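# Structural overview
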Amino acid sequence: MVMPDNDNFDFHKRCDWIDSFDRNEEVFDVAIIGGGITGAGIANVLSGNGVKCVLFEMNDFASGTSSGSSKLIHGGIRYLANFQIGEVKDLLRERNYLLKHTDIVRPMNFKILVDEYSWKKSTLRLGILVYNILSGKLSFPKYVKNKGEMSEKIRGYFNYVDAWTDDTKMVIYNIVSAVREGAICLNYCKVEKIEDSNGTVSVKFTDRIRGLEKIIPARYVINAGGPWAGEISKMENSNFSGSLKLSKGIHIVVPSEKILSKDSIVFRSHLDRRQMFIIPRGEVTIIGTTDRFVKSPDDFAVDREDVEYILESARRIYPEIGQSDITYAYAGIRPLYGESDDPGSISRGFVIKSKGKIINIYGGKLTNYRSVARKVAKLYGKVSGKKINVKGKPEINYRRPNLVGMDLYEYERDYECAIFPEDIIVRREAYPFNLKDRGDSFKPLILEVLKINDKR
Ligand SMILES: Cc1cc2nc3c(=O)[nH]c(=O)nc-3n(C[C@H](O)[C@H](O)[C@H](O)COP(=O)(O)OP(=O)(O)OC[C@H]3O[C@@H](n4cnc5c(N)ncnc54)[C@H](O)[C@@H]3O)c2cc1C
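Residues numbered from 1 in each chain as written. Predicted model: local features only at pLDDT ≥ 70, side-chain atom pairs only at ≥ 80, totals over all residues. Heavy atoms only, no water.

## Notes on the domain arrangement of the chain
Assigned domains within the chain: domain 1 (11-66 + 169-243 + 348-399), domain 2 (85-164 + 244-344) and domain 3 (403-456). Here the C-alpha centre of domain 3 lies 30 Å away from the C-alpha centre of domain 2. The partner domain 3 presents 7 residues to the 10 residues of domain 2 that form the contact. At the boundary of domain 2 with domain 3, total buried surface from both sides reaches about 840 Å², with 56% on carbon and sulfur atoms. For the domain 2 face of the interface with domain 3, the top three residues by lost area are Glu-283, Thr-327 and Tyr-328, together amounting to 54%. Between the two partners, domain 2 and domain 3, sit 1 salt bridge. Our count for the contact surface shared by domain 2 and domain 3 stands at 4 residue pairs in polar contact (both at pLDDT 80 or more). (Domains from an automatic or database assignment. Contact = heavy atoms within 4.5 Å. Buried area = accessible area lost by both parts, 1.4 Å probe. Salt bridge = Lys/Arg side-chain N within 4 Å of Asp/Glu carboxyl O. Polar contact = N/O pair within 3.5 Å; in protein donor to acceptor, adjacent residues only side chain to side chain.)

What follows is the structure, given as structure tokens:
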């Protein structure tokens, strides 16, 4: 496939960038740590303002929490129960913006179930009405009786509309947009140490593919490490107050024929009355999630007890789902900033703390990544004295062309810096979240396409 080459963003370019650090001794305006949605959004808005950025991601882009979410772009109807009206309104505003201005966020119909474990019918009716009003639409929720499409334990449901996306695509598109604005974005590069040195910050990192250690100078550092943000804060020993808590959420994926609903479903588990989702995505349906404190940001294990909890909760609606139906399961770790002992009651909002040359971000959601990026960019403008325009930013200026098979994988290798098979299977194509065979049948072709990286 012949393509114009000034936009290429591949393993070769990544290595050239890293090797050039020794020769150029360039001081970067900003070094961003973390290539999830938070870091990607910030790199996009800052590079769009002519700020010279370098972004470090220790694995592939979007390999942390940003590929472990429920993939919803939503206001969080559940937060209304805690009277978090302002938060829901902000999230809905962001949802509406993304629906209007991007083609990677789509509307999705939801059924919120009524049974003996749900909120009362009158509370649900009022909650959905408020949710609709906050999202800018005055529409009255209608109650529909269950006519046998779900187990007889479910009395009925209300409909409402929210949105969904591919979380990994959202990250990759922001990363490529940033690169095309002049940012250097490096996957498989882990920041090991940050240190103040003569008015700049020296950032020591390892190229984990080639085993090289390097140091670059930057005027400011932005910690967008999601669940690892606490560990990164400790590296520079600045202002981490210790309030970052980590909560693991897992999802299971089953074939869609097991679920007789084209719409997504919101229900409360009969085991503990926690809200859960059933989300159809073509061939498969995602069911989740759990919310349990963990100690380490690396604890991505899918625990058996969590899988059993999800299965048992979902079986009350669709009794046929069994362990053997699970085609895939995954975990994500929520970075939550708050003090409560109950993860479900800690706000899903975000906190930005800066001290000296470091800006730290704790918490946040996929849905409001643009708000986080704009706030951080404004703060950077304030502390650095640079003029920063955040209107309409961060903007996703990149679209992957409509390609299939080998052409598609080559494109992802050459223009989205896919290096290993998982980079395409799990992230750029997100096959396990869409296909029953998790993309296994494409693996030989993907391996063939990526072989060229070995020789570089
Ligand atoms: C179970 C679950 C379901 C969710 N569902 C939704 C949802 O439906 N909708 C929604 O809006 N939000 C949802 N969220 C929240 C959302 O997924 C997160 O808020 C968001 O993805 C966090 O992005 P991030 O970039 O801050 O963190 P991450 O995506 O984790 O990115 C941080 C990155 O930093 C990298 N990193 C860490 N340390 C270093 C280092 N030393 N050097 C280099 N790189 C480093 C990591 O590898 C990682 O990729 C959900 C979260 C969970 C856990």
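Structure's up, so let's keep going.
## Side note on the pattern of salt bridges
Per the counting criterion, the structure on display carries 38 salt bridges. Notably, a salt bridge pairs Arg-95 with Asp-162, separated by 2.7 Å at the nearest N-O pair. Within this pair, whereas Arg-95 is found in helix H3 (residues 85-101), its partner Asp-162 is found in strand E6 (residues 156-165), the two being separated by 67 residues in sequence. For Arg-95, a relative accessible area of 7% corresponds to the buried category. Given the relative accessible area of 2%, Asp-162 is considered buried. (Helix = DSSP H or I, 4+ residues; strand = E, 2+ residues; numbered from the N terminus. Buried < 20%, exposed > 50% of the residue type's maximum accessible area, 1.4 Å probe, protein only.)

## Examining the environment of Asp-207
By the secondary structure assignment, Asp-207 is in strand E9 (residues 200-207). Sequence separation of Asp-207 and Phe-56 is 151 residues, and the distance between their C-alpha atoms is 9.7 Å. Aside from chain neighbours lying at most four places away, what touches Asp-207 is Arg-14, Ile-18, Tyr-188, Cys-189 and Leu-212. Here Arg-210 takes part through its side chain, which lies 2.8 Å from a polar atom of the side chain of Asp-207.

## Focus: a positive patch on the surface
Positive charge collects at one region of the surface, where Lys-121, Arg-125, Lys-145, Lys-147 and Arg-155 lie side by side. Overall, Lys-145 belongs to the exposed group, its relative accessible area being 58%. (Patch = residues over 30% accessible without salt bridge, like charges linked within 9 Å, V, L, I, M, F, W, Y side chains within 5 Å. Areas by Shrake-Rupley, 256 points an atom, 1.4 Å probe, with all protein chains shown as cover. Lys, Arg positive; Asp, Glu negative; His and termini not counted. Charge placed at Lys NZ, Arg CZ, Asp CG, Glu CD.)

## Some thoughts on the pairing of strand E1 (residues 28-33)
Burial runs high along E1: 6 of the 6 residues are buried. With 5 bridges joining them, E1 and strand E10 (residues 212-223) adopt parallel strand pairing. Note that in E10 the partner of Ile-32 across the bridge is Ile-222. (Pairing = 2+ DSSP bridges.)

## Remarks on the pairing of strand E4 (residues 105-114)
Along E4, 7 of the 10 residues are buried, which leaves the element largely enclosed by surrounding structure. Where E4 and E6 come together, 10 bridges link them in antiparallel fashion. In the strand pairing of E6, Val-105 is matched with Thr-165. Sheet topology places E4 next to strand E12 (residues 264-268); 3 bridges connect them, and they run parallel. From the neighbouring strand, Phe-110 faces E12, where its bridge partner is Ser-264.

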